[in-house]
Amino acid sequence: MKIEAKYDLIIAGGGLSGLSLAWYLARGGYQGEVLVVDSTFAPHNDKTWCFWTNREPPFKEIIYKRWKKTWVSVLDYSTFRYLNEYTYHCIRSGDFREYVLRELKKHSNFDLLEENILDFSANKNKAVLLTKNGDTYLANYIFQSVLKPKNLDRSQIKYQLIQHFLGWEVHTHESMFDPETFTIMDFDNEFSPGVGFMYVLPYADNKALLEFTVFSKEPLDKKRYKQKIRHYLYHNYGLDKEHYEIGRKEYGEIPMEDRPHVPFYENNIINLGAVGGQTKPSTGYTFTRIQDYTQKLAQNIIQGKDPIPPQPSKFKYRYYDLLLLHILANSTEESLRVFRSLYKKNSLDELFRFLGEDSSFIQDLKIMSSVPYTPFFKAIGNNLRLR
Ligand SMILES: Cc1cc2nc3c(=O)[nH]c(=O)nc-3n(C[C@H](O)[C@H](O)[C@H](O)COP(=O)(O)OP(=O)(O)OC[C@H]3O[C@@H](n4cnc5c(N)ncnc54)[C@H](O)[C@@H]3O)c2cc1C
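Since we're looking at a predicted model, the values are computed, not measured.

K.L.:
Looking at this structure, how should I read helix H9 (residues 373-382)?
P.N.:
The α-helix winds at 3.6 residues per turn, so residues separated by three or four positions along the chain end up facing the same way. Among all positions in H9, only Pro375, Phe376 and Ala379 are buried. For H9, the angular spread of the buried residues around the axis is 95 degrees, confining them to a single face. In H9, the exposed residues that point more than 90 degrees away from the buried face are Tyr373 and Phe377.

What follows is the structure in structure tokens.
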């Protein structure tokens, strides 16, 4: 086996998790030799990452837009809600990549390599990255966000939902949107199978990203998302095809599943990001969890300690997620009733705190007592044990 080069660390995958780790290492003054590998480093705004925080946001220089007010509509309940403690932010993936790469280029101990990764392997103390060209790179540790973990036993996953969506960035000829108010969930109460809703991020009064989003087992035919967006633009804003141009499109499938925690790909190879299971199962949000983990991981490495693997969520949150997944997977009608109660009886700050896994037990009780009991009792009956 011919080794091309040896590094202290290899970061395999230069997307959100890989470049976040590289960023925190570089900014934290890490002196070891690091190789970052991706099939391409060209910046593309193909993902819009939104997140909420009650602190200073990470990457605040490249926040594209932030909101303190939202619109929600489910069944007979429609209202504006205000955020006091939290702010909802969005960052575009292309801006993020450009920003982090500019920083990495200032650090001579970071190398970038554009190659397709085939696999990884590990022996006692070293980890090996193998490219599709047959080249191999050696390191003490590899952090990978590219390949699904080999040891993930999918037969253990009880609820295998996906959050799938198609978004259009729409430019209107006239002023149409309120740029201060994003739409977190405008449910399509008649939609089936699964739970469908529109998510709208208005960037300006004539520019917004509209995503038709579904929680269900299978993605839709692309035509169906398009029809839903066109229909929404017509019914909510009176816009016909000739009143707007479609700019960028964004398609995504995010796993929403109770997958087992698999922190290692192999010895010395740690799974990061979405393939590493860092997505919150009941919401699909991943951005903040990636930030929290990669920041801690980088600090650990800089202090010369062994890298800490990602930790699973606390038991109580994994259990709440399981109950919500059960309801989402089994009944659209009950899911809508649960969403209505959650939004009606809790402030958005309270919901964000709970979904961000930052709530106290008393706060959890308030949220859990705000939802209809029957679907939850059924969900508990079906999930008496957490695997
Ligand atoms: C369209 C979309 C929108 C999303 N929006 C949000 C959001 O608003 N909020 C939120 O919290 N989460 C969101 N998510 C979920 C999650 O935050 C993102 O998927 C995020 O990009 C995950 O980061 P990652 O590092 O795991 O994967 P990625 O960012 O996808 O990075 C993986 C990298 O690996 C590279 N790669 C893959 N295969 C190979 C290979 N064989 N060889 C070399 N390189 C390879 C890819 O080029 C990519 O750069 C979204 C997901 C999608 C798909």
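Here the narrative resumes, following the displayed structure.
K.L.:
How should the packing of aromatic side chains be read in this particular structure?
P.N.:
Each aromatic ring pair is described using two quantities: the centre-to-centre distance and the angle formed by the ring planes. By the definition in use, this model includes 30 aromatic pairs. Between Tyr64 and Tyr203, the aromatic rings sit 4.9 Å apart at their centres with planes inclined by 70 degrees, giving edge-to-face as the arrangement. With a gap of 139 residues between them, Tyr64 in the loop between strand E3 (48-53) and strand E4 (65-67) and Tyr203 in strand E14 (residues 195-204) connect regions that are remote in the sequence. Classification of Tyr203 by relative accessible area gives buried; the value is 10%. Seen from their ring centres, Tyr141 and Phe143 are 6.5 Å apart, and the 25 degrees between their planes marks the pair as stacked. Residue class for Tyr141 comes out partly exposed when judged on its relative accessible area of 21%. Three or more aromatic residues joined by ring pairs make a cluster, and in this case those are Trp23, Tyr24, Trp49, Phe51, Phe59, Phe96, Tyr99 and Phe287. Here Arg92 stacks its cationic end above the ring of Tyr64, 3.9 Å away from the centre of that ring. Lying over the aromatic face of Tyr251, Lys222 brings its terminal NZ or CZ to 4.0 Å of the ring centre.

K.L.:
Teacher, can you tell me more about the nonpolar core here?
P.N.:
Nonpolar side chains tend to gather and get buried jointly when the protein is soluble and globular. The biggest cluster of nonpolar side chains holds 47 residues, and the ones touching the most others in it are Tyr88, Phe187, Leu201, Phe339 and Tyr343. At 10 residues, helix H5 (residues 315-330) tops the list of elements feeding residues into this core. Residues from two domains meet in this core; each of domain 2 (160-257) and domain 3 (315-381) gives at least three.

K.L.:
What am I meant to see in the pattern of salt bridges here?
P.N.:
Under the criterion given, the structure shown has 18 salt bridges. Between Glu257 and Arg154 there is a salt bridge; the shortest N-O distance is 2.8 Å. Taken together, the residues Glu257 in strand E16 (residues 244-257) and Arg154 in the loop between strand E11 (136-144) and strand E12 (160-172) connect sequence positions 103 residues apart. We classify Glu257 as buried; its relative accessible area is 9%. The exposure class of Arg154 is partly exposed, given its relative accessible area of 36%. What emerges from the salt-bridge pattern is a single network uniting Lys280, Arg289, Asp321 and Glu357.

K.L.:
What exactly am I supposed to notice about the environment of Tyr88 here?
P.N.:
Relative to the elements of secondary structure, Tyr88 occurs in strand E7 (residues 87-92). Judged by its relative accessible area of 0%, Tyr88 falls in the buried class. Setting aside residues up to four positions removed in sequence, Tyr88 forms contacts with Cys50, Phe51, Trp52, Lys65, Arg66, Trp67, Leu83, Phe182, Tyr199, Leu201, Tyr285 and Phe352. Looking at Tyr88, its side chain comes within polar contact range of the side chain of Tyr199, at 2.7 Å.

K.L.:
Sorry if this is basic, but what is going on with the site of the ligand here?
P.N.:
Around the ligand sit 29 residues in total, of which Ser17, Asp38, Cys50, Ala274 and Thr286 are the nearest. One nitrogen or oxygen atom from the main chain of Phe287 is found 2.7 Å from an oxygen atom belonging to the ligand. Contact with the protein chains removes 83% of the 980 Å² of surface that the ligand exposes when unbound. Residue assignment for the shell around the ligand shows that the elements contributing at least two residues are helix H1 (16-27), E3, E16 and helix H4 (287-302). It is E16 that contributes the most residues to the shell around the ligand, 4 residues altogether. Across the shell around the ligand, the residue classes tally to 12 nonpolar, 12 polar and 5 charged.

K.L.:
So what exactly am I meant to see when it comes to the sheet that holds strand E5 (residues 69-74) here?
P.N.:
The mixed open sheet is built from 7 strands, whose spatial order is E6-E5-E13-E14-E15-E12-E16. A strand with exactly one partner marks an edge of an open sheet, and here the two such strands are strand E6 (77-82) and E16. If you compare each strand with its neighbour and ignore which way they point, the axes differ by 15 degrees on average. Of the pairings in the sheet, the one linking strand E13 (residues 181-187) to E14 comprises 3 bridges and is antiparallel in character. By the bridge assignment for E14, Thr183 is matched with Val200. Together, E12, E13, E14, strand E15 (207-216) and E16 form the strand contacts of helix H3 (residues 222-237), whose direction differs from that of E12 by roughly 50 degrees.

K.L.:
Explain a positive patch on the surface to me, please; I cannot follow it from the model alone.
P.N.:
Residues Lys222, Lys223, Lys226 and Lys249 make up a contiguous surface patch of positive charge. Considering the arrangement of structural elements, one finds Lys249 in strand E16.

K.L.:
Looking at this structure, how should I read the domain arrangement of the protein?
P.N.:
Much of the literature gives interface size as the accessible area that the parts lose upon coming together. Along its sequence, the protein is organised into domain 1 (5-46 + 91-150 + 261-302), domain 2 (160-257) and domain 3 (315-381). For the pair domain 1 and domain 3, the two sides together bury roughly 480 Å², of which 55% comes from carbon and sulfur. Sorting the residues of domain 1 by area buried against domain 3 places Lys280, Pro281 and Ser282 first, and these three jointly supply 80% of that buried surface. Inspection of the domain 1/domain 3 interface yields 3 salt bridges. Across the pair Lys280 and Glu357 runs a salt bridge, and its minimum N-O distance is 2.7 Å. Remark: the boundary between domain 1 and domain 3 carries 4 residue pairs in polar contact (both at pLDDT 80 or more). A class-by-class count of the residues in the side of domain 1 that touches domain 3 yields 1 nonpolar, 2 polar and 2 charged.

Criteria and cut-off values
- Residues numbered from 1 in each chain as written.
- Predicted model: local features only at pLDDT ≥ 70, side-chain atom pairs only at ≥ 80, totals over all residues.
- Heavy atoms only, no water.
- Buried < 20%, exposed > 50% of the residue type's maximum accessible area, 1.4 Å probe, protein only.
- Helix = DSSP H or I, 4+ residues; strand = E, 2+ residues; numbered from the N terminus.
- Arc of directions from axis to C-beta.
- Phe/Tyr/Trp six-rings, centres within 6.5 Å; stacked < 30°, edge-to-face > 60°.
- Lys NZ or Arg CZ within 6 Å of the ring centre and 35° of its normal.
- Core = buried A, V, L, I, M, F, W, Y, C linked by side-chain atoms within 4.5 Å.
- Domains from an automatic or database assignment.
- Salt bridge = Lys/Arg side-chain N within 4 Å of Asp/Glu carboxyl O.
- Contact = heavy atoms within 4.5 Å.
- Polar contact = N/O pair within 3.5 Å; in protein donor to acceptor, adjacent residues only side chain to side chain.
- Near = heavy atom within 4 Å.
- Areas by Shrake-Rupley, 256 points an atom, 1.4 Å probe, with all protein chains shown as cover.
- Nonpolar A, V, L, I, M, F, W, Y, C, P; charged D, E, K, R; others polar.
- Pairing = 2+ DSSP bridges.
- Axes fitted to C-alpha atoms, helices over the stretch in contact; angles between N-to-C directions.
- Patch = residues over 30% accessible without salt bridge, like charges linked within 9 Å, V, L, I, M, F, W, Y side chains within 5 Å.
- Lys, Arg positive; Asp, Glu negative; His and termini not counted.
- Charge placed at Lys NZ, Arg CZ, Asp CG, Glu CD.
- Buried area = accessible area lost by both parts, 1.4 Å probe.

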